[in-house]
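Structural description and commentary
Residue-level listing of the chains:
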Amino acid sequence: MSCQLRVLGCSGGIGGDNRTTAFLLNQNILIDAGTGVGDLQLSELLAIEHVFLTHAHLDHIACLPLLLDSVVGARTSPIYVYATAKTIELLRKHIFNWLIWPDFSTIPSAQQPSMVFVEQELGQPITLGEVTITPLPAVHTVPAVAFSFTSSQGSVVFSGDTIAGPDFWQAVNQLDALKALIIETAFADKEHQLADAAKHLCPSTLAEQLSHWRGNAEILITHLKPADSELTIQEVLALDHLHPIRRLLQGEIIEF
Ligand SMILES: [Zn+2]
Ligand SMILES: [Zn+2]
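Criteria and cut-off values
- Residues numbered from 1 in each chain as written.
- Chains lettered and ligands numbered in written order.
- Predicted model: local features only at pLDDT ≥ 70, side-chain atom pairs only at ≥ 80, totals over all residues.
- Heavy atoms only, no water.
- Pairing = 2+ DSSP bridges.
- Helix = DSSP H or I, 4+ residues; strand = E, 2+ residues; numbered from the N terminus.
- Axes fitted to C-alpha atoms, helices over the stretch in contact; angles between N-to-C directions.
- Contact = heavy atoms within 4.5 Å.
- Donors = N, O, S within 2.8 Å, 3.2 Å for Na, K, Ca; no water.
- Tetrahedral: all angles 85-135°; square planar, octahedral: opposite > 155°, others 65-115°.
- Buried < 20%, exposed > 50% of the residue type's maximum accessible area, 1.4 Å probe, protein only.

The name recorded for the protein in an unreviewed UniProt entry is 3',5'-cyclic-nucleotide phosphodiesterase, from Chitinibacter fontanus.

As a further point, take the sheet that holds strand β9 (residues 145-151). On the basis of which strands lie adjacent, the open sheet formed by 7 strands has the order β7-β8-β9-β10-β11-β12-β13 and mixed pairing. Strands at the two margins of the open sheet, each flanked by one partner only, are β7 (126-128) and β13 (245-247). On average, each strand axis in the sheet is inclined to that of its neighbour by 20 degrees, with strand direction left out of account. One ladder, built from 4 bridges, connects strand β10 (residues 154-158) with strand β11 (residues 178-184); its direction is parallel. Bridged to S155 within β11 is L178. Along the sheet, helix α8 (residues 229-237) contacts β12 (218-222) and β13; its crossing angle with β13, the most-contacted strand, is approximately 175 degrees.

Further remarks concern the coordination of the zinc ion (ligand 2). The zinc ion (ligand 2) binds to the protein through D59 (OD), H60 (NE2), D161 (OD) and H223 (NE2); the donor distances cover 2.1 to 2.2 Å. For the zinc ion (ligand 2), the 4 donor atoms in the first shell make angles of 90 to 161 degrees at the metal, so the coordination geometry reads as irregular. A gap of 3.6 Å separates the zinc ion (ligand 2) and the zinc ion (ligand 1), which D161 links by coordinating each metal. In this pair, D161 is assigned in the loop between β10 and α5 (166-173) and H223 in the loop between β12 and α8, connecting sequence segments 62 residues apart.

Our next topic: unusual backbone geometry. Residue I107 is joined to P108 through a cis peptide bond whose omega torsion reads 0 degrees. Turning to its location among the elements, P108 is positioned in the loop between α4 (85-94) and β6 (115-119). The phi torsion at N26 lies on the positive side, around 55 degrees, for a residue other than glycine. One can find N26 in the loop between β2 (22-25) and β3 (29-33). The backbone of A177 shows a phi angle near 50 degrees, a positive value even though the residue is not glycine. Mapped onto the secondary structure, A177 falls in the loop between α5 and β11. On the basis of relative accessibility, which here comes to 47%, the residue A177 falls in the partly exposed class.

So this is what it looks like as structure tokens:
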């Protein structure tokens, strides 16, 4: 059976139709919890059983506290939130601390919580139904991972926020039947210094990074900052690259 990855949000910001990073995988799995989650129907929110987080930055978690609050009491089982130990620590300390938001891992009780954190280590695959989700190395300003999603038909990789790097490409180069590589390019080249400081890619650094990739799947560009999204994608499309490359579209469904 094939799997479906639905793009709920793939912008680097908000405003108008822009939604920040979130994907719905096979109806019950959320990949990051940016503002795109807010467009789902309540029935779709209630179907979410698992949430995988690349990192703790707000544009990737903004809707997680609100999701939990919206479905508490209507679900009979907890939502499982998968992340690295460091990301879980950040969420506990800075979000679910009873100051910014209640600690849903103890609501309504510690014995029957609405949310259960699950620590996931780099390279450790977790299989849920038809899909296997594996965190891959990423380099960002805070602890972060990329993900591979694998079905019987092939794989899709999502870089999360990252400057990529040799460990990421080594992991990606080992994947068979890669169908698509979703990779960020947050900034235009005029913001090269800012991109480096924020550990995001811009078109010129994307080109450098792609030289380490031995695959030929389609490249889907995500996380464009809204103010320069057209400029950034034009710079990406003008790269002398060897791969099919285009902008990832909010609302599209990737089958694999
Ligand atoms: Zn980030
Ligand atoms: Zn981000």
